[in-house]
Amino acid sequence: QVQLVESGGGLVQAGGSLRLSCAASGSINNINAMGWYRQAPGKQRELVAGIISDGSANYADSVKGRFTISRGDAKNTVYLQMNSLKPEDTAVYYCYANRGYTYTTRYWGQGTQVTVSS
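Quick caveat, the model's predicted, so the values are computed rather than measured.

Visitor: Sorry if this is basic, but what is going on with the environment of glycine 16 here?
Guide: When you line up the elements, glycine 16 lands in the loop between strand 2 (10–13) and strand 3 (18–26). Glycine 16 sits in the partly exposed class, given a relative accessible area of 22%. Placed 70 residues apart in sequence, glycine 16 and lysine 86 show a C-alpha to C-alpha distance of 8.3 Å. Not counting chain neighbours up to four residues away, the residues in contact with glycine 16 comprise Met82, Asn83, Ser84 and Leu85.

The structure is reproduced here in C-alpha cells:
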C-alpha cells in the first residue's frame, strides 16, 4: 500500500557528501515515522536515522554529528544528508516508513548503494 522510492546513492570519496531522498506514495496517510537503515556485507542491518511525525529524530552513534535526517513539508518525503563520509559508511541504505497506529506496518524501499572509497 506504500511504495518507497529512494534516490541519491552512489560512489563518493572519503570526506565527501551525499544526500539520499525517499519519497512515499500510495496510502501515505497515517505514516508516522520514516527513516533509514543500512546493511553492510557481513553485518546486521542497523538503524541509521529515524524521524517521527513531530520532527523528533534519532541517530546511530556512528553517524551522529555527520548525518542529518529531515522530512519534507508534505511529510511523505524523507532526506538523509550525509557529510564527512567514511569507508565504513559503505552499505546498502534502505528507506523505511511506518504506517498506522496501534497496528503499525513497516514498509521498505528497495535500497540504494552507497560506496565510500578511501
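Moving on, there is more to tell.
Visitor: What am I meant to see in the side chain of asparagine 32 here?
Guide: Along the chain, asparagine 32 falls in strand 4 (residues 31–39). By relative accessible area, asparagine 32 is classed as buried at 14%. Only 2.7 Å separates the side chain of asparagine 32 from the backbone oxygen of glycine 100, close enough to count as a polar contact. The residues contacting asparagine 32, other than those within four sequence positions of it, are Ile51, Ile52, Ser53, Asn98, Arg99, Gly100 and Tyr101.

Visitor: Help me understand the packing of aromatic side chains, please; the structure alone is not making it clear to me.
Guide: The relation between two aromatic rings is expressed through the spacing of the ring centres and the mutual angle of the planes. One pass over the structure, following the stated rule, counts three aromatic pairs. Feature note: the residues Tyr37, Tyr96 and Trp108 constitute an aromatic cluster, connected by ring pairs. Between the NZ or CZ atom of arginine 45 and the centre of the ring of tyrosine 94, over which it lies, the distance is 3.9 Å. Here the basic side chain of arginine 45 rests over the ring of tryptophan 108, its NZ or CZ set 4.8 Å away from the ring centre.

Visitor: Is there a simple way to think about the state of the cysteines in this case?
Guide: Disulfide: a covalent bond connecting the sulfur atoms of a pair of cysteines. Using the criterion set out here, one finds one disulfide in the structure. Residue cysteine 22 pairs covalently with cysteine 95 via a disulfide, S to S 2.0 Å. In this structure the cystine formed by cysteine 22 and cysteine 95 twists about its S-S bond by roughly -85 degrees; its chirality is therefore left-handed. Here the residue cysteine 22 occupies a position in strand 3, and cysteine 95 occupies one in strand 9 (residues 91–99), the gap between them amounting to 73 residues. Under the relative-accessibility criterion, cysteine 95 is labelled buried at 0%.

Visitor: So what exactly am I meant to see when it comes to the pattern of salt bridges here?
Guide: Oppositely charged side chains may form a pair once their charged atoms are brought near each other. Tallied over the entire structure, the rule returns four salt bridges. The salt bridge involving arginine 38 is made with glutamate 46; its shortest N-O contact spans 2.8 Å. Classification of glutamate 46 by relative accessible area gives partly exposed; the value is 33%. Between aspartate 89 and arginine 66 there is a salt bridge, with its nearest N and O atoms 2.8 Å apart. Here the residue aspartate 89 occupies a position in the loop between strand 8 (77–82) and strand 9, and arginine 66 occupies one in the loop between strand 6 (57–59) and strand 7 (67–71), the gap between them amounting to 23 residues.

Visitor: In this structure, what is going on with the sheet that holds strand 8? I would like to understand it.
Guide: Working definition: the strands of a sheet are paired by backbone hydrogen bonds and lie parallel or antiparallel to each other. Reading across the sheet, the four strands line up as 1-3-8-7 and stay open at both edges, with antiparallel pairing between neighbours. Looking at the sheet topology across the chains shown, the edges are occupied by strand 1 (2–7) and strand 7. This sheet shows a mean twist of 15 degrees between the axes of neighbouring strands, independent of strand direction.

Visitor: Looking at this structure, I do not really get the nonpolar core. What am I missing?
Guide: Nonpolar side chains in soluble globular proteins tend to end up buried together. Leu4, Met34, Trp36, Leu80, Met82 and Tyr93 are the most contacted members of the largest nonpolar core, which totals 29 residues. Sorting the residues of this core by element identifies strand 1, strand 3, strand 4, strand 5 (46–52), strand 7, strand 8, strand 9 and strand 11 (112–117) as the ones contributing at least two each. Not counting the four nearest positions on each side in its chain, leucine 4 is found in contact with Cys22, Ala23, Ala24, Met34, Cys95, Tyr96, Ala97, Tyr107, Trp108, Gly109 and Gln110.

Reading guide: rules and limits
Residues numbered from 1 in each chain as written. Predicted model: local features only at pLDDT ≥ 70, side-chain atom pairs only at ≥ 80, totals over all residues. Heavy atoms only, no water. Helix = DSSP H or I, 4+ residues; strand = E, 2+ residues; numbered from the N terminus. Buried < 20%, exposed > 50% of the residue type's maximum accessible area, 1.4 Å probe, protein only. Contact = heavy atoms within 4.5 Å. Polar contact = N/O pair within 3.5 Å; in protein donor to acceptor, adjacent residues only side chain to side chain. Phe/Tyr/Trp six-rings, centres within 6.5 Å; stacked < 30°, edge-to-face > 60°. Lys NZ or Arg CZ within 6 Å of the ring centre and 35° of its normal. Disulfide = S-S within 2.5 Å. Salt bridge = Lys/Arg side-chain N within 4 Å of Asp/Glu carboxyl O. Pairing = 2+ DSSP bridges. Axes fitted to C-alpha atoms, helices over the stretch in contact; angles between N-to-C directions. Core = buried A, V, L, I, M, F, W, Y, C linked by side-chain atoms within 4.5 Å.

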